[in-house]
Amino acid sequence: MKKIIIYIVIGIIVIFNACNKKNHFDANFKDGLNPKDFKIELRIIYSTPRLIIFENGLAKNIPNGYGENDWIITYKDSVCYRIRHFKTRGKEPHDYSFQFYKEENNIYCQIEISGINNLKRTVLLKPDNCYNWKRKTNS
(Lines give C-alpha, C1' and ligand atoms only; values in the text may rest on other atoms or scores of the structure.)
Protein backbone atom coordinates (compact mmCIF):
# COMPACT_ATOMS: atom_id res chain seq x y z
CA MET A 1 0.00 0.00 0.00
CA LYS A 2 2.85 2.34 0.83
CA LYS A 3 4.34 1.85 -2.68
CA ILE A 4 1.02 2.72 -4.31
CA ILE A 5 0.80 5.98 -2.36
CA ILE A 6 4.39 6.85 -3.31
CA TYR A 7 3.62 6.18 -7.00
CA ILE A 8 0.48 8.33 -6.81
CA VAL A 9 2.38 11.21 -5.20
CA ILE A 10 5.17 10.97 -7.80
CA GLY A 11 2.56 10.88 -10.58
CA ILE A 12 0.86 14.00 -9.24
CA ILE A 13 4.21 15.82 -9.04
CA VAL A 14 5.11 14.83 -12.61
CA ILE A 15 1.70 15.94 -13.95
CA PHE A 16 1.88 19.23 -12.03
CA ASN A 17 5.36 19.98 -13.39
CA ALA A 18 4.33 19.09 -16.95
CA CYS A 19 1.31 21.41 -16.80
CA ASN A 20 3.30 24.19 -15.15
CA LYS A 21 5.88 24.58 -17.93
CA LYS A 22 5.73 28.08 -19.38
CA ASN A 23 7.63 29.93 -22.04
CA HIS A 24 9.84 32.82 -21.00
CA PHE A 25 10.02 36.06 -22.99
CA ASP A 26 12.61 38.83 -22.76
CA ALA A 27 13.06 41.94 -24.92
CA ASN A 28 15.93 44.42 -24.55
CA PHE A 29 16.34 47.74 -26.33
CA LYS A 30 19.69 49.49 -26.76
CA ASP A 31 20.96 52.68 -28.36
CA GLY A 32 17.98 54.79 -27.25
CA LEU A 33 15.34 52.61 -28.94
CA ASN A 34 11.92 53.02 -27.34
CA PRO A 35 10.16 49.72 -26.46
CA LYS A 36 6.79 51.41 -27.18
CA ASP A 37 7.77 51.69 -30.86
CA PHE A 38 7.87 47.90 -31.27
CA LYS A 39 5.23 45.23 -31.63
CA ILE A 40 5.97 41.50 -31.67
CA GLU A 41 3.29 39.09 -32.82
CA LEU A 42 3.09 35.31 -32.99
CA ARG A 43 1.06 33.09 -35.26
CA ILE A 44 1.16 29.37 -34.64
CA ILE A 45 0.20 28.11 -38.08
CA TYR A 46 -2.97 25.96 -38.20
CA SER A 47 -3.75 26.33 -34.50
CA THR A 48 -4.07 29.94 -33.30
CA PRO A 49 -4.88 33.34 -34.77
CA ARG A 50 -2.21 36.00 -34.74
CA LEU A 51 -1.50 37.04 -31.15
CA ILE A 52 0.20 40.17 -29.88
CA ILE A 53 3.01 39.06 -27.56
CA PHE A 54 4.69 42.45 -27.01
CA GLU A 55 3.17 45.91 -27.46
CA ASN A 56 3.53 49.32 -25.78
CA GLY A 57 6.44 48.00 -23.73
CA LEU A 58 4.37 45.17 -22.21
CA ALA A 59 4.76 41.43 -22.77
CA LYS A 60 2.03 38.78 -22.69
CA ASN A 61 2.23 35.03 -22.21
CA ILE A 62 3.40 32.92 -25.12
CA PRO A 63 1.20 29.89 -25.78
CA ASN A 64 2.80 26.49 -26.22
CA GLY A 65 2.15 25.39 -29.77
CA TYR A 66 4.01 23.04 -32.03
CA GLY A 67 4.66 23.31 -35.73
CA GLU A 68 5.36 26.49 -37.65
CA ASN A 69 5.58 29.47 -35.31
CA ASP A 70 5.75 32.74 -37.24
CA TRP A 71 7.10 35.75 -35.33
CA ILE A 72 6.35 39.17 -36.83
CA ILE A 73 8.33 42.17 -35.56
CA THR A 74 7.07 45.67 -36.38
CA TYR A 75 8.81 48.97 -35.67
CA LYS A 76 6.69 52.15 -35.88
CA ASP A 77 4.18 50.40 -38.17
CA SER A 78 6.56 50.53 -41.10
CA VAL A 79 9.66 48.41 -40.55
CA CYS A 80 9.07 44.70 -40.22
CA TYR A 81 10.59 41.27 -40.14
CA ARG A 82 9.07 37.81 -40.09
CA ILE A 83 10.94 34.79 -38.85
CA ARG A 84 9.72 31.20 -38.65
CA HIS A 85 10.62 28.93 -35.75
CA PHE A 86 9.65 25.29 -36.11
CA LYS A 87 8.70 23.72 -32.80
CA THR A 88 8.45 19.93 -32.69
CA ARG A 89 6.80 19.57 -29.27
CA GLY A 90 4.02 21.88 -28.15
CA LYS A 91 4.35 21.19 -24.44
CA GLU A 92 8.08 21.90 -24.22
CA PRO A 93 8.78 25.47 -23.04
CA HIS A 94 11.30 27.75 -24.72
CA ASP A 95 13.11 30.94 -23.73
CA TYR A 96 12.59 33.74 -26.26
CA SER A 97 15.06 36.63 -26.29
CA PHE A 98 14.81 39.65 -28.60
CA GLN A 99 17.70 42.18 -28.45
CA PHE A 100 17.11 45.35 -30.49
CA TYR A 101 19.91 47.75 -31.40
CA LYS A 102 20.92 50.41 -33.96
CA GLU A 103 23.89 50.32 -36.25
CA GLU A 104 24.52 52.92 -38.99
CA ASN A 105 20.85 54.12 -39.04
CA ASN A 106 19.59 50.54 -39.34
CA ILE A 107 17.69 48.60 -36.70
CA TYR A 108 18.67 45.03 -35.98
CA CYS A 109 17.19 42.34 -33.79
CA GLN A 110 19.20 39.50 -32.38
CA ILE A 111 16.75 36.66 -31.81
CA GLU A 112 17.68 33.74 -29.62
CA ILE A 113 15.26 30.91 -28.91
CA SER A 114 16.48 28.29 -26.46
CA GLY A 115 14.79 25.01 -25.72
CA ILE A 116 14.30 21.71 -27.45
CA ASN A 117 14.28 23.58 -30.81
CA ASN A 118 16.99 26.25 -30.70
CA LEU A 119 17.25 29.18 -33.08
CA LYS A 120 19.75 32.03 -33.15
CA ARG A 121 19.69 34.75 -35.79
CA THR A 122 20.40 38.45 -36.20
CA VAL A 123 18.04 40.19 -38.61
CA LEU A 124 17.77 43.64 -40.19
CA LEU A 125 14.35 45.27 -39.84
CA LYS A 126 13.45 46.93 -43.12
CA PRO A 127 10.32 48.40 -44.77
CA ASP A 128 10.08 45.97 -47.70
CA ASN A 129 9.39 43.07 -45.33
CA CYS A 130 6.04 44.58 -44.24
CA TYR A 131 3.73 44.17 -47.19
CA ASN A 132 2.38 40.67 -46.42
CA TRP A 133 2.15 41.07 -42.67
CA LYS A 134 -0.15 44.06 -42.16
CA ARG A 135 -3.17 42.00 -41.17
CA LYS A 136 -5.70 42.10 -38.37
CA THR A 137 -4.44 40.71 -35.07
CA ASN A 138 -6.15 39.21 -32.06
CA SER A 139 -4.98 40.11 -28.58
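This text goes with the structure placed above it.
I will try to describe carefully the structure that is included in this document.

Rules used throughout
Residues take numbers from 1 onward in each chain, read along the sequence in its written order. Under the rules for a predicted model, residues below a pLDDT of 70 receive no local features and side-chain atom pairs below 80 are neither given nor counted, while totals for whole chains, interfaces and linings still include all residues. Only hydrogens and water are set aside when side-chain values are computed; all heavy atoms of the structure are taken into account. We count a salt bridge whenever a side-chain nitrogen from Lys or Arg sits within 4 Å of a carboxyl oxygen from Asp or Glu. Note on classification: 1.4 Å probe, protein chains only; a residue is buried when its accessible area is under 20% of the maximum for its type, exposed when over 50%, partly exposed between these limits. Counting from the N terminus, the helices are DSSP H or I runs at least four residues long and the strands are E runs at least two residues long.

### Here we look at the pattern of salt bridges
Counted by the stated rule, this structure contains four salt bridges. We note a salt bridge from Arg 50 to Glu 41, for which the minimum N-O separation is 2.8 Å. Here the two residues Arg 50 and Glu 41 agree in accessibility, since each one is buried. Here Asp 70 and Arg 82 are joined by a salt bridge, their closest N and O atoms 3.4 Å apart. In this pair, Asp 70 sits in strand β5 (residues 67-75) while Arg 82 sits in strand β6 (residues 79-87), placing the two residues twelve residues apart along the sequence. Given the relative accessible area of 2%, Asp 70 is considered buried. Sharing partners across several salt bridges, the network here consists of Glu 68, Asp 70, Arg 82 and Arg 84.

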